Amino acid sequence: MFSFFDSRPLHNELHLPDYLMKQLYKFRPNIFFQGILTAVMLCTLTTLTWKTSARHIQAPDFRSPLTVQQDTIRPILKADSSGLLIAGDTTKPILRDTLPQTRIDTFSLKISKDSLDAPLKYAAEDSAVILIPDKKILLYGKTKTEYKDITLTAPKVEVDQQTQIVTAVNSKDSTGEVIEFAHFKSGESEFTSDTIRYNFKTQIGLTKNTFTMQGELHVHGDDIKRVNENTAFIRRARFTTCNLDEPHFAFVTPRMKVINDKLAVSGPAHPEFEGVPVPIYIPFGFYPLSRRQHSGLLPPQFTVNEQAGLGLEGLGYYKVFNDYWDAKFYGNIYSYGGWTFNVNPSYRKRYRYNGTFVLSVQNTKSNFKGDPDFAKFRTYNLSWSHAVDNKARPGTTFSANVNAGSTKFNELVVNNTLRNFQNQLGSSVAYSKTWAGKPYSLTLTANHNQNNRTRVINISLPDAGFTVSTLYPFQKKTSVGPTKWYEKLGIGYNGNFRNQVSFYDTAFKLKNVIDTLQWGAQHNFPIQVSLPPIMGGAVIVSPNFSWSQVWIAQKFRRTWNPAAKKLDTTITKGFFMDNQISFGISFNTAIFGTYEFKKSRIIAIRHVIRPSLSFNYKPDLSKGHFYQEQVDTTGTYKLEFSEFEGALYSGFSKGKTGGISFQLDNNLEMKWRSRKDTGDNAIKKIKLIDGYGFTTGYNFLRDSMKLDLINLYLRTTLFEKISITASSTLNPYQADEKGRDIAKYAWQGGKFNLGRLTSGSIAVSSSFRSKPKDPKKDEEQKKAAAARLNDAMLRADQQRLMDYMQQNSAEFVDFNVPWQISFSYSLSFFNTLKPDYSGFKKEFNSNLSFSGSFNLTPKWNFSANGYFDFDTRKLQTFAMSINREMHCWQLSINVSPVGYRYFSFSISPKASILQDLKINRTRSFPN
């Protein structure tokens with residue numbers, strides 16, 4: 001039906017020309033044909049008129065009904081008595097339509113059933129053939145077809161427009177070998193096949209001889225049917241984590257279902273190695289492919305232990321509650337009746353905080369009932385780690401690192417040498433606040449430490465610290481003219497308050513804990529003045545003054561008991577104070593000396609001397625807190641003690657000080673010319689000695705022995721490889737037959753002697769390694785190792801990190817470095833008072849730690865580490881490890897024949913998705 005009246009207001013009229021009317025009149029007998037011809041010509045004329053009057057016409061809206069407003073309408077055409085449409089008379093009066101009319105636009109676009117809902121792009125390097133009758137397109141030679149997010153590349157492609165099916169096939173040479181495969185990619189899904197048939201509209205496809213990768217799995221299927229964009233069914237599937245064309249191992253199953261980025265499920269499957277099938281079947285397989293966290297069972301690991309029996313370790317469940325927290329519930333069970341249960345929740349909020357919590361309950365039964373060595377224990381352990389992002393709340397931090405539990409917990413952990421010998425546990429929970437724009441800061445901490453050997457537990461709660469940074473009360477707000485010296489006078493404050501209780505874990509009672517309660521506080525008020533340098537800026541002058549005070553909750557005194565012939569102790573509770581005031585002024589400078597060489601690769605040696613001289617005075621405000629007491633039956637030998645001994649803040653030293661303190665620090669540097677470079681690049685600087693020197697003092701107000709002990713030190717790094725640190729204490733006085741100092745210098749009496757070394761230590765350490773075979777791979781391995789060590793779950797629990805490193809030592813072996821070795825030697829000695837107070841004895845400690853590894857072959861690595869004690873002249877610990885690089889598998893054999901003896905064998909795939917296939921055999925031989 002045609003309407004020749006515009007349903008919207010237009011301001012120009014449409015008239016049919018005379019030649020058109022004559023043509024219409026000729027076809028008057030055929031009314032039907034006349035109507036059709038009239039419609040065609042009107043459409044043509046309307047199009048011409050729209051082109052000439054486009055500025056007056058708005059495009060029709062096909063989306064909604066058109067509403068006609070009341071307006072003037074002129075008749076454009078009218079019918080005569082015979083029914084023929086003729087042009088209307090424009091001289092007649094205008095007809096006015098007084099009723100609004102609404103008309104639904106009847107325009108519609110009919111789309112062909114074989115049309116796609118998006119453009120199909122294709123290209124071919126060779127040729128493209130379009131078969132119009134068959135509605136097909138044939139592409140040859142490195143073709144590329146794109147539709148939405150789908151990209152298909154293949155040597156030959158056929159596109160059927162009627163069925164929307166695309167077919168891609170591979171290309172073979174004259175011998176029948178495949179030289180190019182068909183490759184399909186849709187989103188994150190990607191695979192390579194011999195033949196691909198895919199329906200663009202239904203997204204259903206069939207492929208033959210297909211290779212694809214799902215997460216860490218490399219999957220090969222004889223036939224694959226893709227039912228939608230995420231799900232595929234595979235017939236005769238082989239899947240593996242080995243990325244070689246001919247994989248070292250694979251699992252074969254007759255059928256398999258894969259859901260992209262979610263999971264894969266297989267029917268009965270058996271492994272094959274190097275293409276040789278192994279007659280070991282599993283009824284079904286479930287393989288999570290999601291890279292996100294997901295809940296699931298935690299598989300156990302079989303183990304054997306002489307004390308616990310046969311066992312399954314790590315059996316449990318992992319639950320993801322939401323994106324912010326999850327938890328693991330797992331445990332161990334052993335044939336002798338022992339078990340362990342662990343609850344390990346973790347929480348995190350990006351850019352705010354993260355943490356983890358582990359509660360372990362251990363029920364230990366050593367050996368079986370009736371055995372003489374049968375024992376039963378119930379122990380606990382708690383660890384908590386919490387960290388806050390510094391940007392979350394600027395100026396405020398909160399952190400926690402808690403590791404507490406029963407003193408026998410570590411001793412009874414099964415198959416864990418490291419924990420069995422860990423006797424020290426410690427915890428710290430800290431909160432700090434710094435006020436923006438203010439000089440104040442507050443720190444609150446709660447601390448805990450325990451010794452599993454002595455079974456003593458100390459808890460400090462709370463431990464508060466308040467600090468006021470240096471203030472300049474005489475400094476002007478607006479500086480005018482030169483700064484006066486008193487404007488640089490600054491005063492600060494720092495104070496600490498602490499509570500502490502101590503108890504034995506076997507004698508824990510509230511009354512006993514309260515009896516051991518100690519508290520104390522310390523206050524320091526440093527005052528300093530910055531004076532301008534003297535002697536042309538060569539000497540820096542720094543006067544200082546400080547007042548310190550400690551608050552102490554108890555006095556501790558020793559008295560000789562003649563009846564028992566021993567010392568008795570008495571503790572008096574109360575509130576006690578001790579004060580100290582000191583004045584001083586220091587002078588610091590630096591002296592440089594250079595010796596230049598001629599005709600030598602050594603250009604010069606520079607010696608820097610940094611002397612420091614200070615004058616100080618301290619009155620004796622603590623004299624009343626010291627006393628002397630008899631310590632033997634003769635009564636001739638007395639020792640001096642402090643009544644604040646053992647307090648949280650032990651008070652200050654006795655005696656007036658008015659003297660000089662002197663320090664002389666040195667370092668040596670060398671500049672030399674390398675033969676490997678030229679110009680400025682050839683000149684190298686190395687430090688021969690980082691620092692060496694001594695410190696001492698002289699007290700003019702002391703009654704005797706006015707010269708202080710002389711402290712010597714040295715530190716250097718030879719050849720940028722060998723680190724050496726040494727220190728010692730030189731006593732300048734002679735000693736009597738019991739080792740006590742007497743008021744006589746060592747060099748008096750006719751013999752030249754600088755003094756006695758009463759204590760000292762030296763430590764030498766170094767490590768050497770060969771150049772890596774592949775430097776790029778070396779950097780990648782360092783980043784991977786750092787990622788493992790920085791894993792939030794492992795970093796939060798350092799003990800779990802050490803356990804992981806012990807149980808997965810193969811992951812930390814670097815085959816890229818042919819050999820490496822490191823060692824650390826330490827020697828120390830000191831004078832210690834004998835238990836009967838009859839004199840002093842000198843004790844020595846000396847030990848050597850070493851570790852090293854080297855590649856027996858490019859795929860075999862041998863490593864060893866040990867600890868030798870020179871005092872006992874015994875090798876205390878020694879462990880060896882052999883590791884095999886198997887491309888997609890890793891093998892490790894660990895043996896410890898000395899110390900805590902154990903043996904372990906582990907072989908497992910490297911991919912995390914197959915970590916449950918690990919075979920781990922561990923056996924320990926405790927003594």
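Residues numbered from 1 in each chain as written. Predicted model: local features only at pLDDT ≥ 70, side-chain atom pairs only at ≥ 80, totals over all residues. Heavy atoms only, no water.

1. Re the overall build of the chain
The criterion, for reference: By the criteria applied, helices consist of DSSP H or I runs no shorter than four residues and strands consist of E runs no shorter than two, each listed in order from the N terminus. Throughout, exposure labels follow a simple rule: accessible area from a 1.4 Å probe, protein chains only, divided by the maximum for the residue type, with under 20% read as buried, over 50% as exposed, and the rest as partly exposed. Contacts are residue-level and defined by heavy atoms, with any inter-residue pair within 4.5 Å sufficient. Note on areas: these come from Shrake-Rupley sampling with a 1.4 Å probe, and a residue is covered only by the protein chains present in the view.
Looking only at helices and strands, the chain features 8 helices and 57 strands. Within the span of the chain, comprising 927 residues, buried residues form 32% of the whole. In the chain, the share of contacts with a sequence separation of at least 24, taken over all contacts with a separation of at least 6, comes to 49%. Put simply, the chain shows about 56700 Å² of open surface, and 58% of that area lies on carbon and sulfur atoms.

2. Overview of the pattern of salt bridges
Opposite charge on two side chains makes pairing possible when the charged atoms of those side chains draw close. Put simply, the test is: By definition here, a salt bridge exists when the distance from a side-chain nitrogen of Lys or Arg to a carboxyl oxygen of Asp or Glu is within 4 Å.
In total, this model carries 20 salt bridges according to the counting rule given. Between Asp223 and Arg235 there is a salt bridge; the shortest N-O distance is 2.2 Å. Separated by 12 residues along the polypeptide, Asp223 in strand β18 (residues 217–226) and Arg235 in strand β19 (residues 231–240) bring together distant segments of the chain. Note that Glu669 is salt-bridged to Arg606, the shortest N-O span being 3.1 Å. Of this pair, Glu669 sits in strand β44 (residues 657–673) while Arg606 sits in strand β41 (residues 602–618), and the two are 63 residues apart along the sequence. On the accessibility criterion, Glu669 (21% relative accessible area) is partly exposed. With relative accessibility at 34%, the residue Arg606 sits in the partly exposed group.

3. Side note on the nonpolar core
The condition that has to hold: Only buried residues count toward a nonpolar core. Its members are Ala, Val, Leu, Ile, Met, Phe, Trp, Tyr and Cys residues joined through side-chain atoms within 4.5 Å.
Counting residues in each nonpolar core, the largest one holds 22 residues, and the members touching the most others are Leu217, Ile234, Phe239, Phe249, Met256, Tyr287 and Ile913. Mapped onto this core, the elements with two or more residues apiece are β18, β19, β20 (249–259) and β55 (889–898). Counting 17 residues, the second-largest nonpolar core is a separate cluster that includes Ile150, Ala154, Phe191 and Phe200.

4. Brief notes about the pairing of strand β53 (residues 860–869)
Put simply, the rule reads: Two strands are counted as paired when DSSP detects at least two bridges linking them.
The pairing of strand β52 (residues 840–857) with β53 spans 10 bridges and is antiparallel. When the sheet's bridge partners are listed, Ser851 is paired in β53 with Asn865. The hairpin turn running from β52 into β53, its antiparallel successor, is 2 residues long. Summarising the sheet, β53 and strand β54 (residues 874–886) pair through 10 bridges and their orientation is antiparallel. Residue Tyr867 lies in a different strand from β54, and its bridge partner there is Thr877. Where β53 folds back onto β54 in an antiparallel hairpin, the turn is made up of 4 residues, including Arg873, whose phi is positive at roughly 55°.

5. Remarks on the side chain of Asn403
With respect to the element layout, Asn403 can be found in strand β32 (residues 396–405). Given a relative accessible area of 18%, Asn403 falls into the buried group. Among all residues touching Asn403, those that are not within four sequence positions of it are Asn381, Leu382, Ser383, Gln422, Leu425, Gly426, Ser427 and His448.

6. Describing the confidence of the model for the chain
Inclusion rule: pLDDT is a residue-level measure of predictor confidence that goes from 0 to 100.
Mean pLDDT over the chain works out to 81, with 84% of the residues at or above the 70 mark. Across residues 1–96, confidence stays below pLDDT 50; counting only partners more than four residues off in sequence or on other chains, it has 91 contacts. Counting contacts from residues 792–796, a segment whose pLDDT is below 50, to residues more than four positions away or on other chains yields 13 contacts.

7. Some remarks on unusual backbone geometry
Here the bond from Leu461 into Pro462 is cis, since omega is -10°, no more than 30 degrees from zero. Along the chain, the position of Pro462 falls in strand β35 (residues 456–471). In the Ramachandran plot, Arg236 falls in the positive-phi region, its phi being about 55° despite a non-glycine side chain. In this fold, Arg236 is placed in strand β19. For Arg236, a relative accessible area of 40% gives the class partly exposed. Positive phi values are uncommon outside glycine, yet Lys565 reaches one of about 55°. Along the polypeptide, Lys565 turns up in the loop between β38 (540–561) and β39 (566–588). For Lys565, a relative accessible area of 58% translates into the label exposed.

8. Observations regarding the environment of Ile150
On the secondary structure map, Ile150 appears in strand β10 (residues 150–160). Using a relative accessible area of 5% as the deciding quantity, one classes Ile150 as buried. In this structure, Ile150 is in contact with Thr145, Phe184, Lys185, Ser186, Tyr198 and Phe200, ignoring residues within four places of it in sequence.

9. Regarding the side chain of Ser582
Filter applied, for reference: Pairs of N or O atoms are called polar contacts if they sit within 3.5 Å, as long as, within protein, a hydrogen donor faces a hydrogen acceptor (for residues adjacent in sequence, only side-chain-to-side-chain pairs).
Summarising the element assignment, Ser582 is placed in strand β39. A distance of 2.9 Å separates a polar atom in the side chain of Ser582 from a polar atom in the side chain of Ser546.

10. Describing a nonpolar patch on the surface
Applicable threshold: Patches were defined on residues exceeding 30% relative accessible area and lacking a salt bridge, with like-charge contacts within 9 Å and nonpolar side-chain contacts (Val, Leu, Ile, Met, Phe, Trp, Tyr) within 5 Å.
Side chains of Phe302, Leu310, Leu312, Phe321, Tyr324, Trp325, Phe329, Ile333, Trp339 and Phe341 sit close together on the surface and give an oily, nonpolar patch of about 950 Å² of accessible area. Listed by contribution, the elements that provide at least two residues to the nonpolar patch are β27 (309–320), β28 (325–334) and β29 (339–349). Per element, the largest residue contribution to the nonpolar patch is 3 residues, and it comes from β28. Tracing the backbone through its elements, the reader meets Phe302 in strand β26 (residues 301–305).

11. Side note on the packing of aromatic side chains
For any pair of aromatic rings, the description consists of the separation of the ring centres together with the inter-plane angle of the planes. Convention followed: For Phe, Tyr and Trp, where Trp contributes only its six-membered ring, two rings pair if their centres lie within 6.5 Å, and the inter-plane angle classes them as stacked under 30 degrees, edge-to-face over 60, or tilted in between. Our definition puts a charge over a ring when NZ of Lys or CZ of Arg is within 6 Å of the ring centre and also within 35 degrees of the ring normal.
If you walk through the whole model with that rule in mind, you get 33 aromatic pairs. Here the aromatic rings of Tyr595 and Phe597 are separated by 5.0 Å at their centres, their planes lie at 85°, and the arrangement is edge-to-face. By relative accessible area, which is 32% here, Phe597 ends up partly exposed. The rings of Phe239, Phe249, Phe251, Phe273, Tyr287 and Trp889 are connected pair by pair, giving a single aromatic cluster. Seen from the ring of Tyr330, Lys328 lies directly overhead, with NZ or CZ sitting 5.0 Å from the centre. Over the ring of Tyr627 we find Arg557, and its NZ or CZ is 4.1 Å from the ring centre.

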